[in-house]
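Architecture at a glance
One letter stands for each residue in the lines below.
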Amino acid sequence: MPARKGKRTAGAPRRAAPRKAAVAVQPAARHRIQVTVNGRPYEAEVEARTLLVYFLRDMLGLTGTHVGCDTTSCGACTILLNGEPVKSCTMFAVQADGAEILTVEGLARDGELHPLQKAFWEEHGLQCGFCTPGMLMTAYAFLNENPRPSEEEIRVALSGNLCRCTGYMNIVKAVQRAAQEMAAR
Amino acid sequence: MFPAPFEYVAPSTLDQAVRLLQQYGPDARILAGGQSLIPMMRFRLANPRVLIDLNRIPGLDFLEEDRGVLRIGAMVRHRLIERAPLIRQRYPLLADTARVIADPIVRNRGTVGGSVAHADPAGDWGAALLAAKAEVVISGPRGRRISQRTIPLAEFFTGPFMTALEPGEIVTEIRVPASGPREAGAYLKIERKVGDFAVVAVGVQIALDADGVCRKAGIGLCAVGPTSLRAQEAEEWLIGKRLDESTLARAGELAAAAAQPTSDTRGPAEYKRDMVRVLTIRALRKALERIPKA
Ligand SMILES: Cc1cc2nc3c(=O)[nH]c(=O)nc-3n(C[C@H](O)[C@H](O)[C@H](O)COP(=O)(O)OP(=O)(O)OC[C@H]3O[C@@H](n4cnc5c(N)ncnc54)[C@H](O)[C@@H]3O)c2cc1C
Ligand code: FES
Ligand code: FES
């Protein structure tokens, strides 16, 4: 549950400041963690076995991040952990203690869609939309790193995100369009 | 599915990690990138009582050349190898390998040390690092102190998912002989689809002398045996020869003979054996192309 309200500062993720408090060196089944999600600080107690994705979905109510498989294959659960895309179904919430997380809910700013979101809309980069949050998060980190990608580079970057609907063509087009829009700004 | 309940601990030093591993014995398990262990825990194929997370221990993710050795910290992520200029420029075998492991998101978390310790015969690092003639540095308890031992990777793999690690021991570093001036490698993998484990993969590393004669050869085979395999006869065949097409062809045959493939969903044994031959020849060609002309 949100313990404190902070200013929403969604946008380019920063490295989390190093924390002094190290996790205890005694094994425990429950842990108190602090994370910043989409610019807002949260504090919560989690079971050690709670996967990060369920912490986000069930405890914080951020259900934009999806779960599409049991095998770390689909990428629907992709979030940014300190700026790097990770599959949040394959990490424990306790491991994110002190981290800065960006989820799909953090992409839009002041009610305005992020250029990537707009491009997915305009290029018809989704059908059922189940894979879309993961696609967006992977593409977001990728464009930060490579603002002028080739089609090939986009396809490689998105190869950990499966889509059962679109055939990927329009997803690639959407990322290309977003890259152009963002470069023009 | 959810993993069974367990206790989690994140030590901040290697000493603490070794102590904890010693204290909790077979009930405890190391957590590195979690990209193999967490899926296994979700399927309840692994049910450790205590998880010891290495991710909060600083200084286990170094990647540097030091006095003739490329030192790879156990917690170096696949992604770092893929990106590091040092690796791209001087270790194409390793750069090739990192690029074909799983997918880019898994590569952000998965570690080299975790892959080696996991000892999956279909793991790509096993074959690539055998070709590179790597050694494994292991830290473990000795009385009240922590000591290190170093063994060749070929001795580290003892069976499918089995290693020479003793109770309380942790892989802390992989050491690869530094690449010489006329030396290069390549890694080739056949996969059913992007992000899948290999049907077959082959890694090679070769060095030539000033006259173009092969003076060093390493060949590692992936997914065609109970462990990652070294094609030793093929390696020995290459030494002292000029690497023309007929020499490469023979090396391919010898590597195929060293393979111990089994038929499974990824293909019949005969096919896999022949692909070992083909990939060995192609990887040797590619490595040769990468060696600067004298
Ligand atoms: C979808 C998917 C596809 C994949 N495809 C491939 C592929 O194509 N090729 C490939 O090679 N791999 C593949 N992998 C596996 C991936 O490379 C893993 O990252 C790797 O096998 C394990 O590394 P890890 O750091 O995640 O280890 P973990 O999962 O954290 O640990 C694995 C095992 O090693 C032990 N361990 C970890 N680190 C140490 C250490 N330092 N000392 C002692 N014991 C240790 C753990 O206790 C555990 O038993 C894939 C994984 C997924 C999820
Ligand atoms: S839910 Fe499929 S990879 Fe995480
Ligand atoms: S839009 Fe349906 S899975 Fe991608």
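Residues numbered from 1 in each chain as written. Chains lettered and ligands numbered in written order. Predicted model: local features only at pLDDT ≥ 70, side-chain atom pairs only at ≥ 80, totals over all residues. Heavy atoms only, no water.

**Let's talk about the overall build of chain B**
Counting secondary structure elements, chain B contains 12 helices and 14 strands. With respect to the principal axes defined by its C-alpha atoms, chain B has extents near 60 × 45 × 30 Å. Per-residue burial over chain B gives 58% buried out of 294 residues. Sequence-distant contacts, at least 24 apart, represent 65% of the contacts inside chain B between residues at least 6 apart. (Helix = DSSP H or I, 4+ residues; strand = E, 2+ residues; numbered from the N terminus. Buried < 20%, exposed > 50% of the residue type's maximum accessible area, 1.4 Å probe, protein only. Contact = heavy atoms within 4.5 Å.)

**Side note on the nonpolar core**
Counting 41 residues, the largest nonpolar core has Ile72, Ile81, Leu94 and Leu129 of chain B as the members making the most contacts within it. Elements represented by at least two residues in this core include exactly strand S5 (69-73), helix H5 (92-99), helix H7 (112-118), helix H8 (124-131), strand S6 (135-142), helix H9 (153-156), strand S10 (170-177) and strand S12 (198-208) of chain B. With 6 residues, H8 of chain B is the single largest residue contributor to this core. The residues that make up this core include at least three from each of domain 2 (63-177) and domain 3 (183-290) of chain B. Aside from chain neighbours lying at most four places away, what touches Leu129 of chain B is Leu94, Val112, Val116, Ala134, Leu153, Ile174 and Val176 of chain B. By size, the runner-up hydrophobic cluster in this structure holds 36 residues, among which are Tyr42, Leu52, Val53 and Leu81 of chain A. (Core = buried A, V, L, I, M, F, W, Y, C linked by side-chain atoms within 4.5 Å. Domains from an automatic or database assignment.)

**Remarks on the interface of chain B and chain A**
The interface is formed by 37 residues belonging to chain B together with 37 residues belonging to chain A. Note on chain B versus chain A: buried area summed over both sides is about 3100 Å², and carbon and sulfur give 59% of it. In this structure, the salt-bridge partner of Arg83 of chain B is Glu84 of chain A, at a minimum N-O distance of 3.7 Å. For the pair chain B and chain A, the interface holds 12 residue pairs in polar contact (both at pLDDT 80 or more). Of all the elements in the fold, those that place two or more residues in the side of chain B that touches chain A are strand S1 (7-9), helix H1 (14-24), helix H2 (37-42), strand S3 (50-53), helix H3 (78-83) and helix H6 (104-109) of chain B. The element that contributes the greatest number of residues to the side of chain B that touches chain A is H6 of chain B, accounting for 5 residues. For the side of chain B that touches chain A, a count of residues per class yields 23 nonpolar, 5 polar and 9 charged. (Buried area = accessible area lost by both parts, 1.4 Å probe. Salt bridge = Lys/Arg side-chain N within 4 Å of Asp/Glu carboxyl O. Polar contact = N/O pair within 3.5 Å; in protein donor to acceptor, adjacent residues only side chain to side chain. Nonpolar A, V, L, I, M, F, W, Y, C, P; charged D, E, K, R; others polar.)

**Brief notes about the site of ligand 1**
Residues in contact with ligand 1 amount to 30 residues; listed here are only the nearest, Ile30, Gly34, Leu37, Thr111 and Asp124 of chain B. Lying at an intersection of chains, ligand 1 is approached by residues of chains A and B. Separating an oxygen atom of ligand 1 from a backbone N or O atom of Gly33 of chain B is a distance of 2.8 Å. In the environment of ligand 1, an oxygen atom lies 3.2 Å from a nitrogen or oxygen atom belonging to the backbone of Asp196 of chain B. A total of 970 Å² of accessible area belongs to ligand 1 in isolation, and the protein chains cover 94% of it. Among the elements of the structure, strand S2 (28-31), H7 and S10 of chain B are those that each provide at least two residues to the shell around ligand 1. The element that contributes the greatest number of residues to the shell around ligand 1 is H7 of chain B, accounting for 4 residues. In terms of residue class, the shell around ligand 1 is made up of 13 nonpolar, 13 polar and 4 charged. (Near = heavy atom within 4 Å. Areas by Shrake-Rupley, 256 points an atom, 1.4 Å probe, with all protein chains shown as cover.)

**Re the domain arrangement of chain A**
Residues and elements named next belong to chain A. Parsing chain A into structural domains produces domain 1 (31-106) and domain 2 (115-184). At the junction of the two partners, domain 1 supplies 17 residues and domain 2 supplies 13 residues. When the buried surface of domain 1 facing domain 2 is broken down by residue, His66, Thr78 and Val104 rank first, second and third, together holding 38% of it. Inspection of the region where domain 1 meets domain 2 yields 0 salt bridges. Counting residues per element, the ones that place at least two in the side of domain 1 that touches domain 2 are strand S3 (78-81) and strand S4 (84-87). Ranked by residues supplied to the side of domain 1 that touches domain 2, first place goes to S3 with 3 residues.

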